[in-house]
Number of protein chains: 2
Amino acid sequence: MGRKKEISIKLTPQRLVIMEYLEGNMNHPSAADIYNAVSKKYPTMSFATVYNTLETLWEKGRLRELTIDRGKMRFDSNTKPHHHLICVQCKNITDIHRKFALKLPEGEQYNFDIIGIHVDFYGICPKCKKEKNNNVEVKKW
Amino acid sequence: MGRKKEISIKLTPQRLVIMEYLEGNMNHPSAADIYNAVSKKYPTMSFATVYNTLETLWEKGRLRELTIDRGKMRFDSNTKPHHHLICVQCKNITDIHRKFALKLPEGEQYNFDIIGIHVDFYGICPKCKKEKNNNVEVKKW
DNA sequence: TCTAAAGTAAGAATAGTTATTAATTAAAAT
DNA sequence: ATTTTAATTAATAACTATTCTTACTTTAGA
């Protein structure tokens, strides 16, 4: 009935809570973000289950993994092809749903089977621009 | 005299060995790759020194950090603006020096100060295409 | 209802990176 | 050239994110 049925994974309470949290979430949360949020609703939730569920959803193509932060995965429940605008200071990520016409150059070495293209725009977001001392760490991106 | 002098960091034997290894290196090595390679020439090299040097070079704008692999940094000594073509299977990274004309959509939420744009093409490289069982892990990217 | 397969929770293990500290060294200042 | 001092190194401990292990539990289907 519900949209959730469409994906062929066993529906457990834990998975439903996680999927509910992710659905329409535009914050590109980390595994810890997800764990912290869902354990409020489901206090016995374990970190392993968060990771297991993320892995499963991703295998089913329901999730994109983002490697934006140094050493910390972030997850994007928006699986429509889109690009990202990343604030190098606060690490917030904004979705960009424009389509860019990008073609690889010709050449032997580029003879890949392309399966995806991601454009990352890096910059300082309006909020961080306003704050003082905002250039202390700007070089770090 | 040499090009190395231009950057304003103390020149130590350790740093020179690391810089020499990185110069013109197109392999986008990880910290471990670098450590393994340079400790052959300089056996007392410590991992901490590799990380310290990478940090310093990056602060001086002499290095780009790539977050391609899950949980492992890779480093790019080519600081000219360029893009990447990534094999989702063997994780090799090919540089693309074409320039793409990319503009952010109009809109309040996109009012960033843009400081960089990176395009990542994902695909299967020619070498991996030839190999058998090459779709075992293809979904994992 | 029973069974087999799959999922969960807790915590141990691992990998990559960062932090700490005492000893060493490079570059600047005599 | 020697001294000074401030930065760098090496060893290793600590930390963080993620994966693995295991015993127990639950789900879905026969």
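Residues numbered from 1 in each chain as written. Chains lettered and ligands numbered in written order. Predicted model: local features only at pLDDT ≥ 70, side-chain atom pairs only at ≥ 80, totals over all residues. Heavy atoms only, no water.

> In this structure, what is going on with the overall build of chain A? I would like to understand it.
Counting its regular elements, chain A contains four helices and five strands. Its helices and strands taken in sequence order, chain A reads α-α-α-β-β-β-β-β-α from the N to the C terminus. Burial status across chain A gives 43% buried among its 141 residues. Here the analysis covers contacts within chain A between residues at least 6 apart in sequence; of these, 46% occur between residues at least 24 apart. Accessible surface, chain A as shown: approximately 8400 Å² in total, 50% of it carbon and sulfur. (Helix = DSSP H or I, 4+ residues; strand = E, 2+ residues; numbered from the N terminus. Buried < 20%, exposed > 50% of the residue type's maximum accessible area, 1.4 Å probe, protein only. Contact = heavy atoms within 4.5 Å. Areas by Shrake-Rupley, 256 points an atom, 1.4 Å probe, with all protein chains shown as cover.)

> Please explain the interface of chain B and chain A as it appears in this structure.
You'll often see interface size given as the accessible area lost when the parts meet. Contact residues are listed per partner, giving 44 residues for chain B and 45 residues for chain A. Together chain B and chain A conceal approximately 4300 Å² of surface at their shared face, both sides included; 62% is due to carbon and sulfur atoms. For the pair chain B and chain A, the interface holds five salt bridges. Run the count over chain B and chain A and you get 15 residue pairs in polar contact (both at pLDDT 80 or more). Residue assignment for the side of chain B that touches chain A shows that the elements contributing at least two residues are helix H3 (47-59), strand E1 (64-69), strand E3 (83-87), strand E4 (93-96), strand E5 (113-124) and helix H4 (126-130) of chain B. Here the element with the most residues in the side of chain B that touches chain A is E5 of chain B; it accounts for 12 residues. Residues that form the side of chain B that touches chain A fall into these classes: 24 nonpolar, seven polar and 13 charged. The pairing of strand E5 (residues 113-124) of chain A with E5 of chain B spans 11 bridges and is classified as antiparallel. Directly across from Asp-120 of chain A, in E5 of chain B, lies its bridge partner His-118 of chain B. (Buried area = accessible area lost by both parts, 1.4 Å probe. Salt bridge = Lys/Arg side-chain N within 4 Å of Asp/Glu carboxyl O. Polar contact = N/O pair within 3.5 Å; in protein donor to acceptor, adjacent residues only side chain to side chain. Nonpolar A, V, L, I, M, F, W, Y, C, P; charged D, E, K, R; others polar. Pairing = 2+ DSSP bridges.)

> Just to check I follow, could you spell out the relation of the copies chain B and chain A for this structure?
The pair of chain copies shares a relation made of a rotation about an axis and a shift along it. Each copy superposes on the other: chain B lies on chain A with an RMSD of 0.1 Å after a rotation of 180° and an axial shift of 0.0 Å. Taken together, the rotation angle and the small translation identify this as a two-fold axis. A shared interface surface links the copies, since 100% of the contact residues of chain B are contact residues in chain A too. (Least-squares fit on C-alpha atoms with pLDDT ≥ 70 in both.)

> For this particular structure, what's the right way to read the nonpolar core?
Taken as a class, soluble globular proteins show a tendency for nonpolar side chains to be buried jointly. Counting 38 residues, the largest nonpolar core has Leu-102 and Phe-121 of chain A together with Leu-102 and Phe-121 of chain B as its most contacted members. Contributing elements (two or more residues each) for this core: strand E1 (64-69), strand E3 (83-87), strand E4 (93-96) and E5 of chain A together with E1, E3, E4 and E5 of chain B. Not counting residues up to four positions away in its chain, the partners in contact with Leu-102 of chain B are Phe-100, Leu-102, Val-119 and Phe-121 of chain A together with Ile-117 and Val-119 of chain B. (Core = buried A, V, L, I, M, F, W, Y, C linked by side-chain atoms within 4.5 Å.)

> Would you take a moment to explain the sheet that holds E5 of chain B for this structure?
Strand-to-strand pairing in sheets goes through backbone hydrogen bonds, with the strands running parallel or antiparallel. An order of E4(A)-E3(A)-E5(A)-E5(B)-E3(B)-E4(B) is seen for the six strands of this open sheet, with the pairing classed as mixed. In this open sheet, the two edge strands, each paired with only one partner strand, are E4 of chain A together with E4 of chain B. The sheet shows a mean angle of 25° between the axes of neighbouring strands, direction not considered. Looking at chain direction, E3 of chain B and E4 of chain B are connected through four bridges and run antiparallel. Paired with His-83 of chain B across the strands is Ile-96 of chain B, a residue of E4 of chain B. (Axes fitted to C-alpha atoms, helices over the stretch in contact; angles between N-to-C directions.)

> Is there a simple way to explain the pairing of strand E2 (residues 72-76) of chain B in this structure?
Residue and element names in this part refer to chain B. Summarising burial for E2: four of the five residues are buried, a large majority. Here four bridges tie E1 to E2, and the two strands are oriented antiparallel to one another. Considered in E2, the bridge of Leu-66 is made with Arg-74. Between the end of E1 and the start of E2, which pair antiparallel, lie two residues, with Gly-71 showing a positive phi angle near 70°.

> What is the right way to look at the protein's contact with DNA strand C in this model?
Neighbouring residues of DNA strand C: 21 residues in total, closest Thr-12, Gln-14 and Thr-49 of chain A together with Tyr-51 and Met-73 of chain B. Among atoms of DNA strand C positioned within 4 Å of the protein, sugar and phosphate together represent 81%. Measuring from a phosphate oxygen of DNA strand C, one finds a side-chain N or O atom of Thr-12 of chain A at 2.6 Å. Note that a phosphate oxygen of DNA strand C is positioned 2.3 Å from one of the side-chain N or O atoms of Tyr-51 of chain B. Secondary-structure elements contributing two or more residues to the surface near DNA strand C are helix H1 (13-22) and helix H3 (47-59) of chain A together with H3 and E2 of chain B. With three residues, the top contributor of residues to the surface near DNA strand C is H3 of chain A. (Near = heavy atom within 4 Å.)

> Please clarify how the packing of aromatic side chains should be interpreted in this entry.
For any pair of aromatic rings, geometry is given as the distance between the ring centres together with the angle between the planes. Per the stated rule, a full pass over the model turns up six aromatic pairs over all chains. Arranged with centres 5.9 Å apart and planes meeting at 45°, the rings of Phe-100 of chain A and Phe-121 of chain A form a pair that is tilted. With Phe-100 of chain A in the loop between E4 and E5 and Phe-121 of chain A in strand E5, the pair connects residues that are 21 residues apart, well separated along the chain. Since its relative accessible area comes to 12%, Phe-100 of chain A is described here as buried. For Phe-121 of chain A, a relative accessible area of 1% puts it in the buried group. Each ring, one from Tyr-35 of chain B and one from Phe-47 of chain B, has its centre 4.4 Å from the other, and the planes form 20°; the classification is stacked. Linking Tyr-35 of chain B in helix H2 (residues 31-41) with Phe-47 of chain B in helix H3, this pair joins segments that are 12 residues apart in sequence. (Phe/Tyr/Trp six-rings, centres within 6.5 Å; stacked < 30°, edge-to-face > 60°.)

Limitation: the analysis is restricted to geometry and does not speak to function.
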